[in-house]
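In case you want the letters, here they are:
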Amino acid sequence: MMSGDQEQRVMLLTGASRGIGHATVKLFQSRGWRVLTVSRQPFDERCAWPAARMAHIQADLADIGKIDELAAEVRRRLPNGKLHALVNNAGISPKGPDRSRLGVAQSDAAVWTQVLNVNLVSTSLLVRALLPELEAGQGSIVNVTSIAGVRVHPFAGVAYACSKAALAALTREFAHEFGGRGIRANAIAPGEIDTSILSPGTDELVRQEVPMGRLGDPMEVAETIHFLCSPASSYVNGTEIHINGGQHV
Ligand SMILES: NC(=O)c1ccc[n+]([C@@H]2O[C@H](COP(=O)([O-])OP(=O)(O)OC[C@H]3O[C@@H](n4cnc5c(N)ncnc54)[C@H](OP(=O)(O)O)[C@@H]3O)[C@@H](O)[C@H]2O)c1
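Residues numbered from 1 in each chain as written. Predicted model: local features only at pLDDT ≥ 70, side-chain atom pairs only at ≥ 80, totals over all residues. Heavy atoms only, no water.

Another aspect to go through is the sheet that holds strand 3 (residues 56-58). Sheet architecture is open: seven strands sit in the order 3-2-1-4-5-6-7, paired in parallel fashion. Here the strands that pair on one side only, and so sit at the sheet edges, are strand 3 and strand 7 (240-243). Within the sheet, the average angular offset between the axes of one strand and its neighbour, ignoring direction, is 15 degrees. Against the sheet, helix 1 (residues 19-30) contacts strand 1 (10-14), strand 2 (34-39) and strand 6 (184-190), and its axis sits at roughly 170 degrees relative to strand 1. (Pairing = 2+ DSSP bridges. Helix = DSSP H or I, 4+ residues; strand = E, 2+ residues; numbered from the N terminus. Axes fitted to C-alpha atoms, helices over the stretch in contact; angles between N-to-C directions. Contact = heavy atoms within 4.5 Å.)

Structural data, given as structure tokens:
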């Protein structure tokens, strides 16, 4: 519990170990949230946040047969059955040899299955499994899409782009289906953010395509996620916010 009668808000964040997810954990933590995290790697001993060990759940979202098991573990860790935010951030963008782009011709069934399961299907199944907790917390769902979901991107592969376009559609479906139950759902679509997912050549792309002429910082993305999980966005539902320095124009 926080000071006074204020209940501590709880967020579940997938893909917390690096990049945008890691910045989001730090920001929410600094604003008094309790954060539960999910990623494939175990807890990283270098982590400076003392509560992180207890808050981390090791799971592979590609394994869609085990999502209910993951949700059960999350449920066990919720103090009073309420989930106030679910941020679906984990994502993969596989590359070919020499980090080449996986176009249609280079993407076999295994690539499609892996990318769609991690970036899309696991999100729907996790929300489905945690609906009672999200409803109890009048929670906010934030799906992390991408600029690659709305335009062809020189580095993101076809399966990745399609998974992110579909995740934007899934966000609208969530908003439509669960709005009446007090659960909001929105997406954020980053452009070129300074993380390990970026490919060589991004600097040139930024120079040519981003009006603001620089990469985004993961903390700038985290701030928008925080806005969407706060009362400041209480009537925002079913939208996708571009965080890209104007790249989409
Ligand atoms: N960086 C950008 O410029 C950019 C642009 C547009 C969209 N995005 C999107 O933003 C999100 C975060 O990107 P990022 O750049 O921060 O990525 P990142 O640095 O590659 O981090 C990805 C995170 O997802 C986790 N993850 C990957 N596969 C997983 C799986 N199968 N099961 C569970 N967790 C898994 C990783 O942890 P483990 O390795 O421990 O599993 C890691 O914590 C992604 O959805 C990405 O598509 C990023």
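Leu12 and Ile225 are the most contacted members of the largest nonpolar core, which has 53 residues in total. Element by element, the count of residues in this core is highest for helix 6 (residues 158-178), at five residues. In this structure, Leu102, Val111, Val115 and Val118 belong to the second largest nonpolar core, which totals seven residues. (Core = buried A, V, L, I, M, F, W, Y, C linked by side-chain atoms within 4.5 Å. Buried < 20%, exposed > 50% of the residue type's maximum accessible area, 1.4 Å probe, protein only.)

What follows deals with helix 7 (residues 202-209). Turning to helix 7, its buried residues number three or more, namely Thr202, Leu205 and Val206. Projected onto a plane normal to the axis of helix 7, the buried residues spread over an arc of 100 degrees and lie on a single side. Opposite the packed face of helix 7, turned more than 90 degrees from it, sit the exposed residues Asp203, Arg207 and Gln208. (Arc of directions from axis to C-beta.)

Right, let's talk about the side chain of Ser93 for a bit. Secondary-structure assignment places Ser93 in the loop between strand 4 (85-88) and helix 4 (109-129). For Ser93, the side chain forms a polar contact with the side chain of Lys95, separated by 3.0 Å. (Polar contact = N/O pair within 3.5 Å; in protein donor to acceptor, adjacent residues only side chain to side chain.)

The next thing to look at is the pattern of salt bridges. The final tally for this structure, using the stated rule, is 10 salt bridges. Of the charged contacts in the structure, one is a salt bridge between Arg76 and Glu73, with a shortest N-O distance of 2.7 Å. With Arg76 and Glu73 both in helix 3 (residues 67-77), this residue pair falls three residues apart, about one helical turn. A residue is classified by how much of its surface remains accessible, and Glu73, at 21% relative accessible area, is partly exposed. The partner of Glu220 in a salt bridge is Arg214, with the nearest N and O atoms 2.8 Å apart. Looking at Glu220, the relative accessible area reads 33%, which means it is partly exposed. Overall, Arg214 belongs to the partly exposed group, its relative accessible area being 39%. (Salt bridge = Lys/Arg side-chain N within 4 Å of Asp/Glu carboxyl O.)

Not every one of the 31 residues close to the ligand is listed here, only the nearest: Ser17, Arg40, Asn89, Tyr160 and Thr195. Between the ligand and Lys164 there is a distance of 2.9 Å, counted from an oxygen atom to a side-chain nitrogen or oxygen. Separating an oxygen atom of the ligand from a backbone N or O atom of Ile193 is a distance of 2.8 Å. In isolation the ligand offers 890 Å² of accessible surface; the protein chains occlude 97% of this area. Where the shell around the ligand is concerned, the elements lending two or more residues are helix 1 and helix 6. (Near = heavy atom within 4 Å. Areas by Shrake-Rupley, 256 points an atom, 1.4 Å probe, with all protein chains shown as cover.)

The side-chain alternation of strand 4 yields two buried faces, one formed by Ala85 and Val87 and the other by Leu86 and Asn88. As defined by bridge partners, strand 4 adjoins strand 5 (residues 140-144) across four bridges and the pair is classed as parallel. If you follow Ala85 over to strand 5, its bridge partner there is Ser140.

Of all seven residues that make up strand 6, seven are buried, and the element is covered over most of its length. Here strand 6 shows two buried faces, one formed by Arg184, Asn186, Ile188 and Pro190 and the other by Ala185, Ala187 and Ala189. The sheet contact formed by strand 5 and strand 6 spans five bridges and is parallel. Of the residues in strand 6, the one forming a bridge with Ser140 is Arg184. The β-α-β motif built from strand 5, the intervening helix 6 and the parallel element strand 6 has right-handed crossover chirality. Here four bridges tie strand 6 to strand 7, and the two strands are oriented parallel to one another. Counterpart to Pro190 in the pairing with strand 7 is Ile243. (Right-handed = clockwise from strand over helix to strand, strands pointing away.)

Such coordinate-based values are descriptive only and should not be taken to indicate function.
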